[in-house]
Amino acid sequence: MSATALAVPALSHAKRLVIKLGSALVVDGQAATPRQNWLNEVAEDIATLRAQGTEVIVVSSGAIALARRTLNLTQPRLKLEEKQAAAAVGQIRLAQAWTEALSAQSITAAQLLLTMEDTEDRRRYLNARATLTTLLALGCVPVINENDTVATAEIRFGDNDRLAARVAEMVEADQLVLLSDIDGLYTADPRRDPEARHIPVVPVMTPEIEAMGGEPPPGYSSGGMRTKLVAARIATSAGCAMAIALGHQPHPLRALLQGAACTWFLPSGDGRSARKRWIGGSLSPLGTLTVDAGAARALLRGSSLLPAGVRVVAGDFARGDAVRVLGPEGAEVARGLSAYSAEDARRIAGHRSEEIEAILGWRGRDELIHRDDLVLL
């Protein structure tokens, strides 16, 4: 189907919008200060969107970059504890910058700091969602960043592209816009390949599309196209359209409203429940289950995953943890919540369900992952 035949989203139609802005946009790299004039323009654009009935949430990087010079942390790579210290100093400055920009438009800013655990743990996820929806109902614009002061190297987003996608999935946003240093996805890196073509619409995420992600750019940014495509998979799987648009220009959201070039990733229409959207968006599965071809086909037909179809169990996970399900060729086909720990899963893998009690000495579920706890990718 051609791009012109697709129902391409329009920012003017958004009811609940998440906007993500990277450090390179928010912070003047030379002065290590907020780009306040540009933030003021973004705030004006947000006011325009709110006036047409759009609820807006901002995911903003920049805290660590704002504190680097003050703390004399100017080396390219920081240790985890240095990032945590810089975030503690810079987060105050970032919040002040956004408060100043939004208050000039008579908008109340609210600050939320999230960790990956806040989105991976179901109870904390629901609490964060309740806070965000209440703030929106009260007319605020939540400004979110990763809580780098407490996030560990093992359990952190590391980039705000994926955080923004998880927030969009959390609040059931219908659109997510990642403002970037490029106006969308290209068939190759346009900085290196003059033949690279801009892709205006991505109807569905495929391995070929995901393979277009490169390495993160040098400097303070931790993102790059690779993390944006991961974000696209999370957002579109949750029914949210996502755009990659140019941020290095005056009034970037106004430009998008007026038809500026970007890449839209179209949402999936599979109508998943909120719980399944949470499972599918999981960023830190604790293990993998490799299944045979027959089990993979059964999953695609809507079946649960039985122990008999599992060939390899990897990782260290407990009952109820999220795991990846890999097909016989190693491609990820699903994610789900395991009904057994990794140790028990290894013992029953390859065996029929009626053998579980004899193997473990107790009888649990017949399924290793029940279809209600399973999301196809």
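Residues numbered from 1 in each chain as written. Predicted model: local features only at pLDDT ≥ 70, side-chain atom pairs only at ≥ 80, totals over all residues. Heavy atoms only, no water.

Engineer: Explain the overall build of the protein to me, please; I cannot follow it from the model alone.
Structural biologist: Scanning the protein from terminus to terminus reveals 14 helices and 17 strands. Taken over C-alpha atoms, the radius of gyration comes to 22 Å for the protein, in line with the 21 Å a tight globule of 377 residues would show. Considering only C-alpha atoms, the protein reaches an extent of 70 × 50 × 45 Å along its principal axes. Residues counted as buried form 50% of the 377 residues belonging to the protein. (Helix = DSSP H or I, 4+ residues; strand = E, 2+ residues; numbered from the N terminus. Rg over C-alpha atoms; globule rule 2.2 N^0.38 Å. Buried < 20%, exposed > 50% of the residue type's maximum accessible area, 1.4 Å probe, protein only.)

Engineer: Would you explain the packing of helix 7 (residues 160-170) against helix 9 (residues 225-237) in this entry?
Structural biologist: A pair of packed helices can be characterised by two numbers: the angle between their axes and the separation between those axes. Where helix 7 meets helix 9, the axes come as close as 8 Å, and the angle between the chain directions of the two elements is 10°. Viewed along their axes, helix 7 and helix 9 adopt a mutual orientation that is roughly parallel. Only T227, K228, V230, A231, I234 and A235 of helix 9 make contact with helix 7, whose side of the interface consists of D161, R162, A165 and R166. Of the residues in the contact of helix 7 with helix 9, the class split is 5 nonpolar, 1 polar and 4 charged. (Axes fitted to C-alpha atoms, helices over the stretch in contact; angles between N-to-C directions. Parallel < 35°, antiparallel > 145°, perpendicular 65-115°, else oblique. Contact = heavy atoms within 4.5 Å. Nonpolar A, V, L, I, M, F, W, Y, C, P; charged D, E, K, R; others polar.)

Engineer: In this structure, what is going on with the sheet that holds strand 5 (residues 109-114)? I would like to understand it.
Structural biologist: Within a beta sheet, neighbouring strands are joined by backbone hydrogen bonds and run either parallel or antiparallel to one another. Taken in spatial order, the 8 strands make up an open sheet running 5-6-4-1-7-11-12-10, and their pairing is mixed. In the strand order of this sheet, the two ends are held by strand 5 and strand 10 (201-202), each with one partner. As paired elements, strand 11 (residues 241-246) and strand 12 (residues 262-265) share 4 bridges and run antiparallel to each other. Bridged to M242 within strand 12 is F265. Running over the sheet, helix 6 (residues 122-137) touches strand 1 (16-21), strand 4 (55-60), strand 5 and strand 6 (141-146) and is turned about 170° from strand 5. Sitting on the sheet, helix 9 is in contact with strand 1, strand 7 (175-180), strand 11 and strand 12, with an inclination near 155° to strand 11. (Pairing = 2+ DSSP bridges.)

Engineer: Just checking my understanding: could you explain the pairing of strand 16 (residues 332-337) for this structure?
Structural biologist: One face of the sheet, then the other: side chains in a regular strand alternate in exactly this way. Bridge count for strand 15 (residues 322-326) against strand 16 is 5 bridges, and the pairing is antiparallel. Looking at the pairing, V325 lines up with A334 of strand 16. Remark: 5 residues form the turn of the hairpin made by strand 15 and strand 16, two consecutive strands paired antiparallel; G330 in that turn has positive phi of roughly 95°. Summarising the sheet, strand 16 and strand 17 (residues 374-376) pair through 3 bridges and their orientation is antiparallel. Bridged to A334 within strand 17 is L376.

Engineer: Can you help me understand the sheet that holds strand 14 (residues 310-315) in this one?
Structural biologist: As summarised here, the arrangement of the 5 strands in space is 14-13-15-16-17, forming an open sheet in which the pairing is mixed. Each edge of the open sheet is held by one strand with a lone partner, namely strand 14 and strand 17. Recorded for the sheet is a direction-independent mean angle of 20° between the axes of neighbouring strands.

Engineer: Sorry if this is basic, but what is going on with the packing of helix 6 against helix 7 here?
Structural biologist: The interhelical angle for the contact between helix 6 and helix 7, taken along N-to-C directions, is 75°, at an axis separation of 10 Å. By the angle between their directions, the pair helix 6 and helix 7 is classed as roughly perpendicular. Residues Y125, A128, R129 and L132 of helix 6 pack against V167, E169 and M170 of helix 7. Classifying every residue of the contact of helix 6 with helix 7 by side-chain character gives 5 nonpolar, no polar and 2 charged.

Engineer: What exactly am I supposed to notice about the environment of D193 here?
Structural biologist: Examined against the element boundaries, D193 turns out to sit in the loop between strand 8 (185-186) and strand 9 (198-199). It is 47 Å that separates the C-alpha atoms of D193 and T134, two residues lying 59 residues apart in sequence. Of the polar contacts made by the side chain of D193, one reaches the backbone nitrogen of E195; its length is 2.8 Å. (Polar contact = N/O pair within 3.5 Å; in protein donor to acceptor, adjacent residues only side chain to side chain.)

Engineer: Mind showing me how you'd approach the environment of R93 here?
Structural biologist: Among the secondary structure elements, R93 is positioned in helix 4 (residues 80-103). Not counting chain neighbours up to four residues away, the residues in contact with R93 comprise L66, A67 and T70.

Engineer: Looking at this structure, I do not really get the confidence of the model for the protein. What am I missing?
Structural biologist: Parts of the model with low pLDDT should not have their predicted coordinates read in detail. Averaged over the protein, the pLDDT score is 89; the fraction of residues at 70 or greater is 92%. The weakest mean pLDDT in the protein belongs to helix 11 (residues 274-280) at 78; the strongest belongs to helix 2 (residues 36-51) at 98. Contacts of residues 216-222 to residues separated by more than four positions or lying in other chains number 11 contacts, the stretch itself having pLDDT below 50. (pLDDT = per-residue confidence, 0-100.)

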